[in-house]
Protein chains: 4
Amino acid sequence: MTSKNPVRVGLIGAGRIGSFHGESVARRLVDAGLVAIADPAEGAAAKLAATLGVDNAYTDVGAMLAQPDLEAVIIATPARFHTNILVQAAEAGKAIFCEKPMSLTLEDADRAIAAARSSGVPLQVGFNRRWDQAFAEGRAAIDAGKIGAPQLIRSLTRDPGPFGADPDKIPLWTIFYETLIHDFDTLLWLNPNATPVEVSAMADALVRPDARDKGFLDTAVVNIRFDNGSIAVAEANFCAMYGYDIRGEVFGSGGMVTMGDVRRSSMTLFDKNGVSNDTWRRDTEHFVHGYTAQLASFVNSVRSGDIGDAPSGIDARNALAIALAAIESVSKNAPVRLG
Amino acid sequence: MTSKNPVRVGLIGAGRIGSFHGESVARRLVDAGLVAIADPAEGAAAKLAATLGVDNAYTDVGAMLAQPDLEAVIIATPARFHTNILVQAAEAGKAIFCEKPMSLTLEDADRAIAAARSSGVPLQVGFNRRWDQAFAEGRAAIDAGKIGAPQLIRSLTRDPGPFGADPDKIPLWTIFYETLIHDFDTLLWLNPNATPVEVSAMADALVRPDARDKGFLDTAVVNIRFDNGSIAVAEANFCAMYGYDIRGEVFGSGGMVTMGDVRRSSMTLFDKNGVSNDTWRRDTEHFVHGYTAQLASFVNSVRSGDIGDAPSGIDARNALAIALAAIESVSKNAPVRLG
Amino acid sequence: MTSKNPVRVGLIGAGRIGSFHGESVARRLVDAGLVAIADPAEGAAAKLAATLGVDNAYTDVGAMLAQPDLEAVIIATPARFHTNILVQAAEAGKAIFCEKPMSLTLEDADRAIAAARSSGVPLQVGFNRRWDQAFAEGRAAIDAGKIGAPQLIRSLTRDPGPFGADPDKIPLWTIFYETLIHDFDTLLWLNPNATPVEVSAMADALVRPDARDKGFLDTAVVNIRFDNGSIAVAEANFCAMYGYDIRGEVFGSGGMVTMGDVRRSSMTLFDKNGVSNDTWRRDTEHFVHGYTAQLASFVNSVRSGDIGDAPSGIDARNALAIALAAIESVSKNAPVRLG
Amino acid sequence: MTSKNPVRVGLIGAGRIGSFHGESVARRLVDAGLVAIADPAEGAAAKLAATLGVDNAYTDVGAMLAQPDLEAVIIATPARFHTNILVQAAEAGKAIFCEKPMSLTLEDADRAIAAARSSGVPLQVGFNRRWDQAFAEGRAAIDAGKIGAPQLIRSLTRDPGPFGADPDKIPLWTIFYETLIHDFDTLLWLNPNATPVEVSAMADALVRPDARDKGFLDTAVVNIRFDNGSIAVAEANFCAMYGYDIRGEVFGSGGMVTMGDVRRSSMTLFDKNGVSNDTWRRDTEHFVHGYTAQLASFVNSVRSGDIGDAPSGIDARNALAIALAAIESVSKNAPVRLG
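Residues numbered from 1 in each chain as written. Chains lettered and ligands numbered in written order. Predicted model: local features only at pLDDT ≥ 70, side-chain atom pairs only at ≥ 80, totals over all residues. Heavy atoms only, no water.

1. Looking at the pattern of salt bridges
Then step 1. Taken as a whole, this structure holds 108 salt bridges over all chains when the rule is applied.
Then step 2. Linking Arg-130 of chain A and Asp-315 of chain A is a salt bridge whose minimum nitrogen-to-oxygen distance equals 3.3 Å. One end of the pair, Arg-130 of chain A, is in the loop between strand E6 (123-125) and helix H6 (133-143); the other, Asp-315 of chain A, is in helix H10 (residues 313-332), with 185 residues separating them in the sequence.
Then step 3. Judged by relative accessible area, which is 11%, Arg-130 of chain A ranks as buried.
Then step 4. Residue Asp-245 of chain A pairs with Arg-247 of chain A through a salt bridge whose shortest N-O separation is 2.9 Å.
Then step 5. Its relative accessible area of 1% is what places Asp-245 of chain A among the buried residues.
Then step 6. One salt-bridge network, in which partners are shared between bridges, spans Arg-154, Arg-158, Glu-235, Asp-245 and Arg-247 of chain A together with Glu-249 of chain B. (Salt bridge = Lys/Arg side-chain N within 4 Å of Asp/Glu carboxyl O. Helix = DSSP H or I, 4+ residues; strand = E, 2+ residues; numbered from the N terminus. Buried < 20%, exposed > 50% of the residue type's maximum accessible area, 1.4 Å probe, protein only.)

This is the structure we're talking about:
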């Protein structure tokens, strides 16, 4: 039989995206195997482990990291725990895939980067859009000079509605730390020869105006000025009633590329109401191939020791710097200089 | 024969867009006739009059306004002359179609509005995008409640490249006064129940960086916050190498409408290079029907005395207020409150 | 005023399409005037004349043709009267625009062509799709060699549903004589260097199966083989619930062009049901510019004496030959050789 | 670790598509393992086995079938060998995935079906388009009644150019047996409640007219009439210079679905030449997910013993019956009745 010597991966965090990543390792990647799951919530790891046929379930991350055959971890806990767990995993010598945001402060970002470097373990961050075929082709077109120098750039995230979460359970500034962080990475990645110098943001609670007084924000527009003069706009909203809408646009001196389409497939229905297409309703549907490919890339880096072009701790720090500036800009209602 | 009793129109300004409007009256409108052309440049009016078969050419606007059978004027001079000519035409009792921007200051805008009101003449401003089929359908969908309350709005203008003009001959802030003024009107028109409260802008010379030191600007992004919390982004650039690109997008609590496509028609070519479409290369191609329809509407208002929903002097003033705030925001590098 | 010396046109047939053409002449063409309307149905011509402000209404075509100032006629009667009226108009020396089908037999087609030629009057046939922007661009791409030699060609007509007509009032074989005749012209026009040699057709009553026994047909597929080996498929149906769907596709040795889109504009709605576009629901909406342009071309030919590339009596005959072969093929259930 | 107990698969035929399927089993399916490869060409199986890390390579199919741990086979030899190998594998008790066409005669098809039935082994045929997302969604829409009763159906296959094969090495009628067989299955599958009753075909050598005299055919159009009156058109050509073009269209009493797009992704380039998209250039790119999914389905059936809705030997026979009728129709230049 094909010699399959899978990378032995442990999952930390058995929530929505953690479960999906666990399933990817267990069911969609031939070169990896899921050998452990940890989650502090009583029974959460065990339940997912049973579903996926995984032998070892933990409520304690440290215990999991001590499992001798473990080679790599996927960190998919709530964001505020990412850095500490990442450092712990690095010290245990495990290769690390960390969901975004890697950290919530620049200090933590530096600490995470240093820990991985000091342990010599690969560290990859979950900016999955880079593996989406359209976005990857867009970046390739930019690299090939097909649109000249970028001048106006756009990236947007609209999460599918209806919005059913409880605003009280969502940390302050989540739209910047967790949602727009994707767009900030995308904008930096699509403008590879430029450095951001200024950020100006507007945000509001339009989906849940009743939660505005508590500081909840569900809608935001962030403008970023780069040192080469180019101007980027990132935009997010928590409730797109038509589905999960992720798009990018880079306009340059020689042309433009656009990427992303909420339409689910080329299947088009023509009926008495007109012409219509179904849409992506979940990130895990839209990006199933991109999510899998980023883990395949990570798994490969565990063996090669090199993440190559995959998003690094530095990339996570760069995106975070924009998020922090955007938060400051909203707080002050003024542009904020970077660096 | 069909009883054609055309409205007798005079054209003021025989430049590019003036000539096109003159041609529309002479050749595309059955209910109007072009009876006079005025342009101070020696021979300009006469030359266009000869081409279009118009009997009367003037170098002096006052002389043209004295022509007894004249019922209406189209003002298509450089922008800085608009208000004075408009007031002059109003005082002469002529119905007025004025190209955008109607005025460059709020005082002039007020003066223009007052003059038309005092003379009781119709005053329509050249925000032609409202007649584009896609934009009109988008507004209708918004009015019908199909996307709920607007939250994130976008309007953009990208003029076709290559950019061949001389930056020295372009007045300062033209990108706001003359280009983005269209987008400002569009954004206000597509968000009909909201009032803008704050403007924040970034601009640069990216097409002609050599002219930046003289204050030339060819690229701009303007964010507008409305009193209902919605946030709009207007964006312009003078050099889209792929054609004349005009688009709008309104995202709301219930959905989204998008409008505009640079593709010229449904004719699609599939060849060894892939799949491709030709694009609109000129405003007068893209908007030939919209340009004609706005004049048809104007001509009708000459007879009815009422411009109905057509863009008015007040609309021109509202768009101008945004342009002025954007200019101030760029100058100060800070958000500017309106009103 | 612009010197408008309109061509004086008379309309014969005040039905649906006749009324539309009359309105085009009266309201959409600056170079033509509608000076007479004839229709044998009591009051029909008079009623339309009143609506359009036309002075002269007739129930007798001969009387109208005797009107001294009349220069040209538009024949929009039921198809079976076309040829005789055409010959009568030619003998009266009037320029002729005849709706499709010009004739129902090859003998009549020859008679019509001969009459126009002998009188030296322009004769243009109503194959309006040639003026649709997408189709015109497609033909231009073919002429420019962009797709090499045509090999597989498709043209389809789907009339908008629901189907409300009475099958008993529709002449036998109408789908070939009146509907597919457009597609036959399109296929010949898009394959300009080829001659059809064989026709094979299938047809049925699927929209109104209850009328099948009387010979009614509402659905048909016609294959045409050309002398250069290329194969064309024409397809029609009387009841497309999603609108008025007209498309063309030419696949060649070097690529392909496709033309036509039932979507009405670029305005796209995204809502809880997905992504959708409204559609064309009537030919007179979809082709308003093409219908007007074909008449503008005709009007011009009245003055120039030359129809240029506009569809001629010969073109009408060529399309009719395919229709007749398709009818024969259906009757025999066998391929039919042409010529 | 996740308990992976993969189905042990042997590949028969190490050519282009066989190698791709072998790679799918070895590298893209977690539930299957490639344990053997057989190919009579000296060294072919061994070479692929080395690439994919497979232990056992054979030049003799019988030897491979004797390998004790083998559970299932993929038959990807030249078409003329399919039936005999299939029967041999069935007699050896192996589950069978057979590439299309399963057989070249109805007798062979019956023999294959009988062998699998008699041995009680699953038999699935390689009609991969059913797993393409767009086609699957189209079928689901039809099943849900969204387009009413099918009336006009289209399926096309255009292989990517340039055409580099040697016509002399391509068996006669390959375009029907191997290419259009996909379209015949698609048309039957998209019209699930109808039975084909008549076939009429036209074919020619337009890509390689120099090979026409030897009976080579590279272009074909096949019309199929069903017992419910619906009419289908299948179309194929060996040389689409713009890529690998697979499309379907089903028009019904209530609407239409269209499926397939040669555009590779939503990444769209706008440059001085207009708007463009890259295209699919190979079946193994376009259908990588569909090809993998059909094998995942097959692998699952090995364990469950039931192929469910997957294409069966009966489906292969039904598509073959159309191919044979099309060949007869071309030979006779006449419609051919089925059944």
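2. Some thoughts on the interface of chain A and chain B
Then step 1. Residue-level contacts link 40 residues of chain A with 40 residues of chain B.
Then step 2. Regarding the contact of chain A and chain B, the summed buried area is about 3200 Å², with carbon and sulfur atoms giving 60% of it.
Then step 3. Where Glu-249 of chain B meets Arg-247 of chain A, a salt bridge forms, and the shortest distance between an N and an O atom there is 3.1 Å.
Then step 4. Inspection of the region where chain A meets chain B yields 11 residue pairs in polar contact (both at pLDDT 80 or more).
Then step 5. At the level of elements, strand E7 (150-160), strand E8 (196-204), strand E9 (219-226), strand E10 (231-240), strand E11 (245-252) and strand E12 (255-259) of chain A are the ones that each hand at least two residues to the side of chain A that touches chain B.
Then step 6. If you tally residues by element for the side of chain A that touches chain B, the top one is E10 of chain A, at seven residues.
Then step 7. A class-by-class count of the residues in the side of chain A that touches chain B yields 19 nonpolar, 12 polar and nine charged. (Contact = heavy atoms within 4.5 Å. Buried area = accessible area lost by both parts, 1.4 Å probe. Polar contact = N/O pair within 3.5 Å; in protein donor to acceptor, adjacent residues only side chain to side chain. Nonpolar A, V, L, I, M, F, W, Y, C, P; charged D, E, K, R; others polar.)

3. Concerning helix H6 (residues 133-143) of chain D
Every α-helical turn comprises 3.6 residues, leaving residues that sit three or four positions apart pointing alike.
Residue and element names in this part refer to chain D.
Then step 1. Within H6, the full set of buried residues consists of Ala-134, Phe-135, Glu-137, Gly-138, Ala-141 and Ile-142. Along H6, the residues classed as buried sweep out an arc of 160° about the axis, all on the same side.
Then step 2. Against helix H7 (174-189), strand E11 (245-252) and strand E12 (255-259) lie the buried residues of H6.
Then step 3. One side-chain oxygen of the residue at the start of H6 lies 3.2 Å from the amide nitrogen of Ala-134, identifying that residue as Asp-132.
Then step 4. Two residues or fewer after H6 comes Gly-145, characterised by a positive phi angle close to 80°. (Arc of directions from axis to C-beta.)

4. Some remarks on the relation of the copies chain A and chain B
Then step 1. With an RMSD of 0.0 Å, the operation that places chain A on chain B is a rotation of 180° combined with a shift of 0.0 Å along the axis. The transformation just described matches what one would write down for a two-fold rotation axis. For chain A, the residue whose C-alpha comes nearest the rotation axis is Ala-334 of chain A, separated from it by 2.9 Å.
Then step 2. In this assembly, 100% of the residues forming the interface of chain A have copies in chain B that are likewise at the interface, indicating an isologous arrangement. (Least-squares fit on C-alpha atoms with pLDDT ≥ 70 in both.)

5. Examining unusual backbone geometry
Then step 1. At the junction of Gly-161 of chain C and Pro-162 of chain C, the peptide bond is cis and its omega measures out at 0° in the coordinates.
Then step 2. For Pro-162 of chain C, the position within the fold is in the loop between strand E7 (150-160) and helix H7 (174-189).
Then step 3. In this model, Lys-100 of chain D is joined to Pro-101 of chain D through a cis peptide bond whose omega is -15°.
Then step 4. Phi at Trp-173 of chain A takes a positive value of approximately 65°, unusual for a residue other than glycine.
Then step 5. Examined against the element boundaries, Trp-173 of chain A turns out to sit in the loop between E7 and helix H7 (174-189).
Then step 6. Even without glycine at this site, Asn-333 of chain A takes up a positive phi of about 50°.
Then step 7. Here Asn-333 of chain A shows up in the loop between H10 and strand E15 (336-337).

6. As for the relation of the copies chain B and chain C
Then step 1. After a rotation of 180° and a shift along the axis of 0.0 Å, chain B superposes on chain C with an RMSD of 0.0 Å.
Then step 2. A share of 100% of the interface residues of chain B reappears at the interface of chain C, consistent with the copies meeting face to face through the same patch.

7. Some remarks on the interface of chain B and chain C
Then step 1. Tallying the contact residues gives 46 residues for chain B and 46 residues for chain C.
Then step 2. At the boundary of chain B with chain C, the tally comes to two salt bridges.
Then step 3. The interface formed by chain B and chain C contains 11 residue pairs in polar contact (both at pLDDT 80 or more).
Then step 4. Of all the elements in the fold, those that place two or more residues in the side of chain B that touches chain C are helix H1 (16-28), strand E2 (32-38), helix H6 (133-143), strand E12 (255-259) and strand E13 (268-271) of chain B.
Then step 5. A class-by-class count of the residues in the side of chain B that touches chain C yields 21 nonpolar, 14 polar and 11 charged.
Then step 6. Pairing of E13 of chain B with strand E12 (residues 256-259) of chain C involves three bridges; the strand directions are antiparallel. When the sheet's bridge partners are listed, Phe-270 of chain B is paired in E12 of chain C with Met-256 of chain C. (Pairing = 2+ DSSP bridges.)

8. Here's the deal with the packing of H1 of chain B against helix H9 (residues 288-304) of chain B
All names here are of chain B.
Then step 1. In the contact formed by H1 and H9, the axes pass within 10 Å of each other and the chain directions differ by 70°. As judged from the angle between their axes, H1 and H9 are roughly perpendicular. Contact residues: Ile-17, Phe-20, His-21, Ser-24, Val-25 and Arg-28 in H1; Val-288, Tyr-291, Thr-292, Gln-294 and Leu-295 in H9.
Then step 2. Classifying every residue of the contact of H1 with H9 gives six nonpolar, four polar and one charged. (Axes fitted to C-alpha atoms, helices over the stretch in contact; angles between N-to-C directions. Parallel < 35°, antiparallel > 145°, perpendicular 65-115°, else oblique.)

9. Regarding the sheet that holds strand E6 (residues 123-125) of chain B
Residues and elements named next belong to chain B.
Then step 1. Strand order in the open sheet made by the six strands is E3-E2-E1-E4-E5-E6, with parallel pairing throughout. Edge positions in the sheet fall to strand E3 (56-58) and E6, since each of these pairs with one other strand and no more. Strand-to-strand twist of the sheet, defined as the mean angle between neighbouring strand axes without regard to direction, takes the value 25°.
Then step 2. The sheet contact formed by strand E5 (residues 95-98) and E6 spans three bridges and is parallel. Its bridge partner being in E6, Cys-98 is matched across the sheet by Val-125.

10. A closer look at helix H4 (residues 82-91) of chain B
All names here are of chain B.
Then step 1. Most of H4 sits out of view: seven of its 10 residues are buried.
Then step 2. Taken as a whole, H4 has its buried residues at His-82, Thr-83, Ile-85, Leu-86, Val-87, Ala-89 and Ala-90.
Then step 3. Packed against the buried residues of H4 are strand E1 (7-12), helix H3 (61-65), strand E4 (72-75), E5, helix H5 (106-119) and E6.
Then step 4. Remark: Gly-93 follows H4 within two positions and exhibits a positive phi of approximately 80°.

11. Considering the pairing of strand E10 (residues 231-240) of chain D
All names here are of chain D.
Then step 1. Counting buried positions over the 10 residues of E10 gives 10, a clear majority of the element.
Then step 2. Inspection of the sheet shows strand E7 (residues 150-160) paired to E10 by eight bridges, in the parallel sense. Residue pairing across strands places Leu-152 opposite Ile-231, the latter belonging to E10.
Then step 3. Taken together, the seven bridges between strand E9 (residues 219-226) and E10 define a ladder with antiparallel strand orientation. Counted as the bridge partner of Ile-224 is Ala-232 from E10.

12. Concerning the confidence of the model for chain A
Then step 1. Across chain A, the average pLDDT comes to 97, with 99% of residues at 70 or higher.
Then step 2. In the predicted complex, the global pTM is 0.97; the interface-specific ipTM is 0.96. (pLDDT = per-residue confidence, 0-100.)

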